[in-house]
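# Working through the structure, step by step
This is what each chain is made of:
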Amino acid sequence: MVIGPAGEHLVRNASITTSNDNVMAKSGFGAVWGSKNLKAITCHGTGVVIAADIDKVFQLRMTMGSPYMRPSPVREQDRQGLPGNDAKGHWVRGNVACSHGCNQHCNCLMMDTDSYFTDDKINHVEKCVSIFAYGFATDVPNSIGANWMTHQNHVLPCKMLSGEPPVPDPTDPYFEEMTAPIMPDRLDFWKPDFEKGNLINELCNEYGMDKWDVTIWLLPWLSMGQKEGVFDDIDFGMEIDVESSDFVAYMLDQIVYRKGYYGNLLAEGMARAIRTLGKEKFGDTIYHGRRSGVLPGNPSLDLPISLETAWGHSFHWQGRGYEATITKPTWLASTIELMTSSRDMQTVEHHHDTYENYLKIKDDPYNSQTLVDSIIMNENKGEMKDSVTCCEWQSPDLWWTSMEAEMYEAATGYPMSEEELNESAVRSKLLYRAILIRNFGRDRKMEVEAVWPGICIPDPWGETADWDGFNHLVDMYYETRGWDKKTAWPYRDTWEKYGLKDVADEMEKLGKLPG
Ligand code: SF4
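Presented here is a report on the structure given in the accompanying data block. (Residues numbered from 1 in each chain as written. Predicted model: local features only at pLDDT ≥ 70, side-chain atom pairs only at ≥ 80, totals over all residues. Heavy atoms only, no water.)

### Concerning the overall build of the chain
A count of helices and strands for the chain gives 20 helices and 12 strands. Computed over its C-alpha atoms, the radius of gyration of the chain comes to 23 Å, within 12% of the 24 Å expected for a compact globule of 515 residues. Along the longest, intermediate and shortest principal axes, the C-alpha atoms of the chain span 60 × 55 × 50 Å. Relative to its 515 residues, the chain shows a buried fraction of 55%. The long-range share in the chain, meaning contacts at least 24 apart out of those at least 6 apart in sequence, stands at 65%. Split by element, the accessible area of the chain, about 22400 Å² in all, is 54% carbon and sulfur. (Helix = DSSP H or I, 4+ residues; strand = E, 2+ residues; numbered from the N terminus. Rg over C-alpha atoms; globule rule 2.2 N^0.38 Å. Buried < 20%, exposed > 50% of the residue type's maximum accessible area, 1.4 Å probe, protein only. Contact = heavy atoms within 4.5 Å. Areas by Shrake-Rupley, 256 points an atom, 1.4 Å probe, with all protein chains shown as cover.)

### Thoughts on the site of the ligand
Taken together, Ala97, Cys98, Cys102, Gln104, Cys106, Lys127, Cys158, Cys391 and Gln394 make up the full set of residues near the ligand. A class-by-class count of the residues in the shell around the ligand yields 6 nonpolar, 2 polar and 1 charged. (Near = heavy atom within 4 Å. Nonpolar A, V, L, I, M, F, W, Y, C, P; charged D, E, K, R; others polar.)

### Some details on the pattern of salt bridges
For the coordinates displayed, the defined rule picks out 31 salt bridges. Among the ionic pairs, glutamate 268 bridges to arginine 258, the shortest N-O distance being 2.7 Å. Residue glutamate 268 is located in the loop between helix 9 (260-266) and helix 10 (270-277), and its partner arginine 258 is located in the loop between helix 8 (245-256) and helix 9; the two are separated by 10 residues in the primary sequence. When its relative accessible area of 22% is taken as the criterion, arginine 258 is described as partly exposed. Where lysine 501 meets aspartate 505, a salt bridge forms, and the shortest distance between an N and an O atom there is 2.8 Å. Taken together, the residues span about one helical turn, with lysine 501 and aspartate 505 both in helix 20 (residues 501-509) at a distance of 4 residues. Here aspartate 505 falls in the partly exposed class, since its relative accessible area comes to 24%. Shared partners join several salt bridges into a network, and the residues in it are Arg492, Glu496, Lys501, Asp505 and Glu508. (Salt bridge = Lys/Arg side-chain N within 4 Å of Asp/Glu carboxyl O.)

### Points about the sheet that holds strand 6 (residues 121-126)
The 4 strands lie next to each other as 3-4-5-6, forming an open sheet whose pairing is antiparallel. The strands lining the two open edges of the sheet, one partner per strand, are strand 3 (75-80) and strand 6. For this sheet, the mean inter-axis angle between neighbouring strands, taken without regard to orientation, is 40°. Judged from the 5 bridges that link them, strand 3 and strand 4 (residues 87-96) form a sheet pairing that is antiparallel. Of the residues in strand 4, the one forming a bridge with arginine 75 is arginine 93. Helix 6 (residues 194-207) rests against strand 3, strand 4, strand 5 (107-114) and strand 6 of the sheet, and its axis sits at about 105° to strand 5. (Pairing = 2+ DSSP bridges. Axes fitted to C-alpha atoms, helices over the stretch in contact; angles between N-to-C directions.)

### Structural notes on the pairing of strand 6
Side chains Ile122, His124 and Glu126 project from strand 6 onto a buried face, and the interleaved Lys121, Asn123 and Val125 project onto a face without burial. Across 5 bridges, the pairing between strand 5 and strand 6 is antiparallel. From the neighbouring strand, aspartate 114 faces strand 6, where its bridge partner is lysine 121. Connecting the antiparallel pair strand 5 and strand 6 is a turn made up of 6 residues.

### Some remarks on the side chain of glutamate 349
Turning to its location among the elements, glutamate 349 is positioned in the loop between helix 12 (328-339) and strand 12 (353-354). In this structure, glutamate 349 is buried with no salt-bridge partner, the nearest side chain bearing the opposite charge being lysine 429 at 5.1 Å. The residues touching glutamate 349, leaving out its near neighbours within four places in the chain, are Glu337, Asn378, Glu379, Gly382, Lys385 and Glu392. (Lys, Arg positive; Asp, Glu negative; His and termini not counted.)

### A look at the environment of alanine 14
Positionally, alanine 14 belongs in the loop between helix 1 (5-8) and strand 1 (16-17). If near-sequence neighbours (up to four positions away) are discounted, alanine 14 is found in contact with Ala6, Gly7, Ala25, Gly28, Phe29, Gly30, Ala31, Gly208 and Met209.

### Some words on the environment of lysine 360
Note on placement: lysine 360 falls in helix 13 (residues 355-361). On a C-alpha basis, the gap between lysine 360 and tryptophan 452 in space is 25 Å, while along the polypeptide they are 92 residues apart. Side-chain polar atoms of lysine 360 contact the side chain of asparagine 357, separated by 2.9 Å. (Polar contact = N/O pair within 3.5 Å; in protein donor to acceptor, adjacent residues only side chain to side chain.)

### What to know about helix 18 (residues 467-481)
In this model, helix 18 (15 residues) spans 21 Å end to end at C-alpha, consistent with the 21 Å of a helix rising 1.5 Å per residue. Among all positions in helix 18, only Gly469, Phe470, Asn471, Leu473, Val474, Asp475, Met476, Tyr477, Tyr478 and Arg481 are buried. Buried residues along helix 18 sit in contact with helix 12, helix 14 (369-388), helix 16 (418-440), helix 17 (444-451) and helix 19 (492-497). Backbone nitrogen of aspartate 468 and a side-chain oxygen of the N-cap are separated by 3.2 Å at the start of helix 18; the cap is aspartate 466. Count one or two residues on from helix 18 and you reach glycine 482, which has phi positive near 80°. (Expected span 1.5 Å × (residues − 1).)

### Section: the state of the cysteines
Tallying each qualifying case throughout the model produces 0 disulfides. Cysteine cysteine 204 is unpaired, with the sulfur of cysteine 128 as its nearest cysteine sulfur at 15 Å. (Disulfide = S-S within 2.5 Å.)

### Observations concerning a nonpolar patch on the surface
Together, Val48, Ile50, Ile54 and Phe58 make up a nonpolar patch on the protein surface, roughly 430 Å² of accessible area in all. One can find valine 48 in the loop between helix 2 (29-35) and helix 3 (54-63). In this structure valine 48 comes out as exposed when scored by relative accessible area, which is 72%. (Patch = residues over 30% accessible without salt bridge, like charges linked within 9 Å, V, L, I, M, F, W, Y side chains within 5 Å.)

### Digging into unusual backbone geometry
For the bond from serine 395 to proline 396, the omega torsion is 0°, close enough to zero to count as cis. Its place among the elements puts proline 396 in the loop between helix 14 and helix 15 (403-412). Of note in the backbone geometry, aspartate 188 takes a positive phi value of approximately 50° without being a glycine. Among the secondary structure elements, aspartate 188 is positioned in strand 9 (residues 186-190). For asparagine 298, which is not glycine, the phi torsion reads 45° and is therefore positive.

### Some words on the packing of helix 7 (residues 211-227) against helix 10
Viewed as axis vectors pointing N to C, helix 7 and helix 10 meet at an angle of 30°, and their least axial separation amounts to 11 Å. In terms of their interaxial angle, helix 7 and helix 10 are classed as roughly parallel. Seen from helix 7, the contacting residues are Trp217, Leu218 and Trp221; seen from helix 10, they are Met270, Ala271, Ile274 and Leu277. The class makeup of the residues in the contact of helix 7 with helix 10 is 7 nonpolar, no polar and no charged. (Parallel < 35°, antiparallel > 145°, perpendicular 65-115°, else oblique.)

Next comes the structure, spelled out in structure tokens:
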């Protein structure tokens, strides 16, 4: 595991890269290593780590996510990017898994691309966000079925990315409506450009910084801000032009090596930099280049130039900004999942539930106990995914709810029931809340106010949240969790129900135990 120059210079979104091409990028752990002068960790094992029940592991491998068990051929390509954003350029495509153990291969391996640093050809893995480096004229197309599935058509994302597009299923009464395309907003952040796309991805890989913050927040901010004249009195040392590879390379070099006032400022992360510059102008100024992809006539919709949502992160599947193509029930769910956390929860809680539940929720989401239960199920599964380390896209399997418990048992040999694992997940969430309350004064006011501004920005249908409705849904969520509605602090019964009497006692001493 190693950090790059970004980590060495304590850049807030510095990442840690592992030797099997995985990267821990969110939340700047590369800077934590840099602050300890820790450049790399390497280990050589002589022992063997083996699963307790190999036959069970093989059986899981053949069944989890009903895998697309076909070879992924290497193919010559001459374009890269999503529809409306795709750029001309030659490369060779392969499909790879995140880790050798996985039975799918969702990641696109881009081979034989040019390098900024050497004359050699290089390979890099493209997944999700990095495809927008190649072009960001529109947001991502989507369908309701990506979050709300039927038994006949579940885990669509894995299969689609591994090479198996959804086939119309006559037995699925909802197939048409759940796979109907939701057209993306037009954003015009930058035009398709293959070389620049490779450059952005390679620089983030080599500098060791979070591609997300660069591709989804920094460069769109510079693009929108420049178009709105916000930077007219600012001299970055080079004319702002996100269409230019030279400007992008210059800007990242400034930030990674903390060069000049603005390089050093932006190395502190987008949220801090924008507040230092002045949030009203450099964050909340409205960009006038957003057009709805779903409303007739594609009317203009407001969008602040900073895609900031809560806790210092940028929008991610929350109905505005990036990956906005989800309907209100889904963005209310992802908003509450973000509200009770302190990081971007869509790294481990892409909202998944049944299409039948969606039909129950969609007409009155603010009063929907089904939506509250759906959120809590996804949060608990999120805790499991972080603990049992199963894949964000394979879990939860809505028709195989004991899957994670079976994985745990097969790997460790320790008996684990679905109920027990779910209880552990609730306990993990509670301990996390205890730390947020004790160390950061977390309460209802703080977390509702953190997420509220984001959902006041129109979604692709022009919808925004209703204050009373949202707070009613939040009330129902806290009640179902056994937390006090006024403070969002768990009751003593809740702590004790999950074996956390010691935490309840400490909360009482701190005056953080509701009556
Ligand atoms: S995203 Fe999940 S299912 Fe896909 S390759 Fe990675 S680990 Fe496997």
